[in-house]
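# Summary of structural features
Listed here are the chains, written in short residue letters.
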Amino acid sequence: MSSRPPMHRARKRFGQNFLRDTGIISRIVRAIDPRAGERLVEIGPGQGALTEPLIEAAGGALEVIELDRDLIPGLRVQFFQYPDFVIHEGDALAFDFAALRGDGPALRVVGNLPYNISTPLIVHLLEATGAIADMHFMLQKEVVERLAAEPGSTHWGRLSVLAQYHCRVESLFVVPPEAFVPQPKVESAIVRLTPHATLPHPAKDPALLFDLVREAFGQRRKTLRNNLKGRVSAEALEALGIDPTRRPQTLSIEEFVRIADHLAEEAA
Ligand SMILES: C[S@@+](CC[C@H](N)C(=O)[O-])C[C@H]1O[C@@H](n2cnc3c(N)ncnc32)[C@H](O)[C@@H]1O
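Since this is a predicted model, take the numbers as computed values, not measurements.

### Quick notes on the overall build of the protein
For the protein, the helix and strand inventory stands at 11 helices and 9 strands. If you line up the protein on its principal axes, its C-alpha atoms span 70 × 40 × 30 Å. Summarising the internal contacts of the protein: among those between residues at least 6 apart in sequence, 66% fall at separations of at least 24. Carbon together with sulfur atoms contributes 51% to the accessible area of the protein, which is approximately 12900 Å² in total. In the protein, the 31 positive side-chain charges and the 34 negative ones have mean positions that sit 6 Å from each other.

Have a look at this one:
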């Protein structure tokens, strides 16, 4: 058994809502299903609520990334008996996941993420999907809905396109505020993101695609023709088989890629 960490006052600026519900913790660990020999990385271990069952299931090997330096001594004490427990003290937003993988097996990344930085952190991780086998995160339920949305739904937007371009996204289950101390104001949910082995709709120029998607969703109430004015003409959209009077949230990833590939060909 590990020792208890010292008392710590939760810090809002680090998005600290610590998991306390042991039933929810077990459910998350079962969903992740860690195995010995895997390369498991936890973002934001905090006071070790997930760390402890994860490290046991993973056969003692776990790497964690924690920004709050006041939590580091507690983690060192709590997990001192595991020689393969590694603490990276720093900001996950600036962390080089591809370098961490190196030549080893792809990383399994998990975490009850700080909600104040969850979207930029996911975008950062999506840029490193080549190094990642899968990701399991606790997020605000609303962010999970955006990640897992389908075209045509109210939640379908830039984050959905970005995530689903790179990954299969599964919304697993909802977690109520009572599972945490302090309690967040909103419901949370667990999501699994599994990078595609082969991209279903590879774009000729992915940077151009994501620029185009950002512009297309500039104003959700406006039509594609209006949002993409100056970028692609209504005639070109029609020639690509896409009605320029459609709203951006009705377009599938394949349709966004069709427009982006047309622009890439024009620019070549
Ligand atoms: C929501 S708490 C989760 C803590 C713990 N895993 C749990 O479930 O109880 C988020 C954790 O991420 C840490 N954190 C916040 N910003 C971070 C960042 N940019 N990089 C790494 N860790 C961060 C916080 O200090 C905190 O430990």
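Further notes follow.
### Comments concerning the sheet that holds strand E7 (residues 167-175)
Reading across the sheet, the 7 strands line up as E4-E3-E2-E5-E6-E9-E7 and stay open at both edges, with mixed pairing between neighbours. At either end of the open sheet lies a strand with only one pairing partner, and these are strand E4 (85-89) and E7. On average, each strand axis in the sheet is inclined to that of its neighbour by 20°, with strand direction left out of account. Pairing of strand E3 (residues 62-66) with E4 involves 5 bridges; the strand directions are parallel. From the neighbouring strand, Ile-65 faces E4, where its bridge partner is His-88. Where helix H5 (residues 118-126) meets the sheet, its contacts fall on strand E2 (39-43), strand E5 (107-112), strand E6 (132-140) and E7, and the angle it forms with E6 comes to roughly 170°. In the packing of helix H6 (residues 141-148) onto the sheet, contacts are made with E6, E7 and strand E9 (188-195), and the angle to E6 comes to roughly 135°.

### Brief notes about the UniProt feature "domain: Ribosomal RNA adenine methylase transferase N-terminal" (unreviewed entry) in the protein
When the UniProt feature table is mapped to this numbering, "domain: Ribosomal RNA adenine methylase transferase N-terminal" (unreviewed entry) covers residues 24-197. The span residues 24-197 carries 31% helix and 28% strand; its end-to-end C-alpha distance comes to 30 Å.

### Topic: the environment of Leu-40
If you trace the backbone, Leu-40 turns up in strand E2. Here the alpha-carbon distance between Leu-40 and Val-109, two residues 69 residues apart in the chain, equals 6.1 Å.

Conventions adopted
Residues numbered from 1 in each chain as written. Predicted model: local features only at pLDDT ≥ 70, side-chain atom pairs only at ≥ 80, totals over all residues. Heavy atoms only, no water. Helix = DSSP H or I, 4+ residues; strand = E, 2+ residues; numbered from the N terminus. Contact = heavy atoms within 4.5 Å. Areas by Shrake-Rupley, 256 points an atom, 1.4 Å probe, with all protein chains shown as cover. Lys, Arg positive; Asp, Glu negative; His and termini not counted. Charge placed at Lys NZ, Arg CZ, Asp CG, Glu CD. Pairing = 2+ DSSP bridges. Axes fitted to C-alpha atoms, helices over the stretch in contact; angles between N-to-C directions. UniProt positions renumbered as here; feature names shortened; annotations may be inferred.

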